[in-house]
Each structure stands twice: as structure tokens, then as C-alpha cells.
Amino acid sequence: MKALFLDRDGVLNVLRKNDYVKSPDELEILPGVPEAIALCRKHFDRLIIVTNQQGVGKGLMSESDLAAVHKKLIESIGHIDHIYYCTQLEREHSLRRKPSVGMALEARRDYGIDLGQSVMAGDAASDMLFGRRAGMQTVLLGDNSDVWEQQPWLVDHRYPTLLDYAHSL
């Protein structure tokens with residue numbers, strides 16, 4: 001079973017620089033994402049979101065706030081099989097926090113996913129390293145030339161948006 005693993009902020013919704021999406025009102029879906037999700041569903045057995053959410057760990061929002069954001073996200077973009085998230089702070093070095101592969105291993109256990117047949121799509125070096133460590137293909141989305149230029153070995157494919165990637169499938 002192959003899956004598309006998706007980062008959230010900067011891939012599905014607008015990244016809030018130096019901030020977090022703390023409530024559904026702050027969630028802004030990126031253009032073309034619902035169409036991209038529909039196209040990706042035709043090519044992957046599972047669509048899985050993997051996201052670091054240390055805003056919870058910092059006390060800026062609660063897990064119920066995060067659940068409300070995720071509820072609106074799903075209502076806005078279409079069916080997602082599961083959202084795995086890590087609320088631990090970066091300094092806690094959680095095995096679940098990207099770029100560690102804990103969330104990928106949980107998805108493999110929960111859904112029987114073949115990580116070697118799967119893809120990680122994200123907008124940051126940590127997403128690419130997560131995918132690489134889990135044995136997946138990696139897709140860098142957005143205008144992140146620093147990742148592309150400084151760590152090209154982490155990136156298998158590069159597209160401006162999730163919709164551009166979905167059209168390439």
C-alpha cells in the first residue's frame with residue numbers, strides 16, 4: 001500500500017511566519033489544494049498528514065484548538081486518511097517529531113503502508129530528511145531554494161505547488 005505523506009503548513013495552508021495556526025479562523029488554504037488532493041487520491045492508497053505542532057507544547061494553543069483547525073482543514077480540502085502530529089518542542093528531541101521518523105512508523109503500523117513505495121511532500125529540509133530517513137521519495141514544494149541549493153541530495157523532485165505535483169502524476 002503506497003501513501004502520500006503531506007506536511008501541513010506551507011503545503012496545504014498558508015505558513016504563518018514566526019507564528020502558528022492557532023484557530024480555525026487563522027487557517028488559510030493554499031490555492032489549488034482541494035483539486036490537488038482529489039488528483040492525488042487517484043494515485044495513492046492513503047493520504048496522510050504529518051505535522052510538527054509545537055505551538056501546543058509552547059502553550060500557545062490547546063490540543064482541542066488543534067483538533068478544530070484540523071477539522072476545518074479536512075472540511076476545506078477533502079478526505080485525508082489520518083493526521084499525525086507532534087506537539088513536543090524541538091528541544092525535547094521526540095522520536096515523533098520530524099525529521100525523526102516516528103510518525104511514518106506509526107502510519108506504517110496503522111495502515112500497512114509500504115514506505116519504499118510512498119512519497120513525502122513538504123516545504124522544508126526537515127520534511128525532506130523525514131522522507132529520506134523513512135525510505136520514501138521526496139518532493140520539495142514551494143520556493144525553498146535554500147533547501148534545493150544547500151541539500152539537493154534530500155530532494156528527488158521539486159514543484160512550485162502541490163497542484164503542480166498532482167498534475168505530474
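As shown above, the structure is provided for reference.
Residues numbered from 1 in each chain as written. Predicted model: local features only at pLDDT ≥ 70, side-chain atom pairs only at ≥ 80, totals over all residues. Heavy atoms only, no water.

## With respect to the overall build of the protein
Then, number 1: Helix and strand counts for the protein come out as seven helices and six strands.
Then, number 2: Counting helices and strands in the order they occur from the N terminus, the protein gives β-α-β-α-α-β-α-β-α-β-α-β-α.
Then, number 3: Taken over C-alpha atoms, the radius of gyration comes to 15 Å for the protein, in line with the 15 Å a tight globule of 169 residues would show.
Then, number 4: Every one of the 169 residues in the protein was classed for burial, and the buried ones make up 44%. (Helix = DSSP H or I, 4+ residues; strand = E, 2+ residues; numbered from the N terminus. Rg over C-alpha atoms; globule rule 2.2 N^0.38 Å. Buried < 20%, exposed > 50% of the residue type's maximum accessible area, 1.4 Å probe, protein only.)

## Concerning the layout of surface pockets
Then, number 1: There is about 1100 Å³ of room inside the largest pocket.
Then, number 2: In terms of lining, the largest pocket is formed by 46 residues, of which the most central are D7, D9, L15, D123 and A124.
Then, number 3: Going through the elements one at a time, β2 (46-52), α5 (125-133), α6 (145-150) and α7 (162-168) are the ones with two or more residues in the lining of the largest pocket.
Then, number 4: For the lining of the largest pocket, a count of residues per class yields 16 nonpolar, 17 polar and 13 charged. (1 Å grid on protein atoms, 1.4 Å probe; cavity = no way out; pocket = protein on both sides within 12 Å on 5 of 7 lines; lining within 4 Å. Points joined across faces, edges and corners; volume = space filled by probe spheres on them. Nonpolar A, V, L, I, M, F, W, Y, C, P; charged D, E, K, R; others polar.)

## Let's talk about the sheet that holds β2
Then, number 1: Across the sheet, six strands lie side by side as β3-β2-β1-β4-β5-β6; this open sheet has parallel pairing. Looking at strand neighbours, the two that pair on one side only are β3 (82-86) and β6 (157-159), the edges of this open sheet. Taking each pair of neighbouring strands and ignoring which way they run, the sheet shows an average axis angle of 20°.
Then, number 2: Here five bridges tie β2 to β3, and the two strands are oriented parallel to one another. Residue pairing in the sheet places I48 in a bridge with H82 of β3.
Then, number 3: Taken strand by strand, α5 contacts β2, β4 (119-122) and β5 (137-141), and its axis lies near 175° from that of β4. (Pairing = 2+ DSSP bridges. Axes fitted to C-alpha atoms, helices over the stretch in contact; angles between N-to-C directions. Contact = heavy atoms within 4.5 Å.)

## Describing the side chain of H70
Then, number 1: You can see H70 is positioned in helix α3 (residues 63-77).
Then, number 2: Engagement of the side chain of H70 in a polar contact is seen with the side chain of R8, the distance being 3.0 Å.
Then, number 3: If near-sequence neighbours (up to four positions away) are discounted, H70 is found in contact with R8, T51, I83 and Y85. (Polar contact = N/O pair within 3.5 Å; in protein donor to acceptor, adjacent residues only side chain to side chain.)

## Notes on the pattern of salt bridges
Then, number 1: In total, this model carries 13 salt bridges according to the counting rule given.
Then, number 2: As a salt-bridge pair, K22 and D19 come within 2.8 Å of each other at their nearest N and O atoms.
Then, number 3: Accessibility expressed as a relative area gives 22% for K22, which makes it partly exposed.
Then, number 4: Of the charged contacts in the structure, one is a salt bridge between E106 and R96, with a shortest N-O distance of 2.5 Å. Separated by ten residues along the polypeptide, E106 in helix α4 (residues 102-111) and R96 in the loop between β3 and α4 bring together distant segments of the chain.
Then, number 5: Counted as one network, the salt bridges with shared partners bring together R16, D19, K22 and E26. (Salt bridge = Lys/Arg side-chain N within 4 Å of Asp/Glu carboxyl O.)

Note that every value here comes from positions in space, so none of it alone points to a role or purpose.
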